[in-house]
Amino acid sequence: MNLPVAPPAFDATAGPRQRHRADRGADIGAGCGLVFLELIALVVIFGLWFLSGFNLDPGKTVRTDSLWGYLAAAGGVGALALVALVIAARAGAVVTVVSQGIMAALICLVVFGGSAAQSHQDTVCRDLPSAAGCTGQ
């Protein structure tokens, strides 16, 4: 005697809508590690900019480098944060997505603020070359 066969029950572990989340401990570790590395990179970048205008010789006038190159390097760190955000989103690592989103937004603010300040300084030096902070040539 053949018994009727019931249709298979709904299985959420397979198929196109399969969702799995990253391990929470690894997610937190990756998020914190990436933020730490990005902060170190930003400190090195802007520390080098600060040291470009630092000199212990009191008889020598030193002018800091233009910010444009350093802002480009900081923008590169922000681009890497966005790439990490996309990869973490695909892996389901929620903590890493949030931390990288915050870092990308902060880096974006720093880059836009720095570019506005450097653009203003360039305009002042173009209009009045003898202004403070300009080479006066």
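Scroll up to find the structure this text is about.
Report follows, based on the coordinates. Note that this is a predicted model, so its numbers are computed, not measured. (Residues numbered from 1 in each chain as written. Predicted model: local features only at pLDDT ≥ 70, side-chain atom pairs only at ≥ 80, totals over all residues. Heavy atoms only, no water.)

Digging into the pattern of salt bridges
Okay, so step 1: What the rule picks out here adds up to 2 salt bridges.
Okay, so step 2: Across the pair D27 and R24 runs a salt bridge, and its minimum N-O distance is 3.8 Å. Residue D27 and its partner R24 are located together in helix α1 (residues 24–52), separated by 3 residues, close to a single helical turn.
Okay, so step 3: Relative accessible area serves as the criterion here: at 2%, D27 is assigned to the buried category.
Okay, so step 4: Judged by relative accessible area, which is 41%, R24 ranks as partly exposed. (Salt bridge = Lys/Arg side-chain N within 4 Å of Asp/Glu carboxyl O. Helix = DSSP H or I, 4+ residues; strand = E, 2+ residues; numbered from the N terminus. Buried < 20%, exposed > 50% of the residue type's maximum accessible area, 1.4 Å probe, protein only.)

Focus: the side chain of D27
Okay, so step 1: At 2.6 Å, the side chain of D27 forms a polar contact with the side chain of T96.
Okay, so step 2: Beyond its immediate chain neighbours, meaning those up to four positions away, D27 contacts A93, V94, V95 and T96. (Polar contact = N/O pair within 3.5 Å; in protein donor to acceptor, adjacent residues only side chain to side chain. Contact = heavy atoms within 4.5 Å.)

Details of helix α2 (residues 68–91)
Okay, so step 1: Taking 1.5 Å per residue as the helical rise, α2 with its 24 residues ought to reach 34 Å, and the 35 Å between its terminal C-alpha atoms agrees with that figure.
Okay, so step 2: Looking only at α2, the buried set comprises Y70, L71, A74, V77, G78, A81, A84 and A88.
Okay, so step 3: Tucked inside the fold, the buried residues of α2 contact α1 and α3 (94–127).
Okay, so step 4: Positive phi shows up at G92, right after α2, with a value of about 80°. (Expected span 1.5 Å × (residues − 1).)

A short note on the nonpolar core
Okay, so step 1: One finds L42, I45, L67, Y70, L71, A74, V77, M103, I107 and V111 forming the largest nonpolar core, which totals 10 residues.
Okay, so step 2: Elements that contribute at least two residues to this core include exactly α1, α2 and α3.
Okay, so step 3: Broken down by element, this core gets its largest block of residues, 4 residues, from α2.
Okay, so step 4: Ignoring anything within four residues of it in the chain, the contact list for I107 reads L42, A74, V77 and G78. (Core = buried A, V, L, I, M, F, W, Y, C linked by side-chain atoms within 4.5 Å.)

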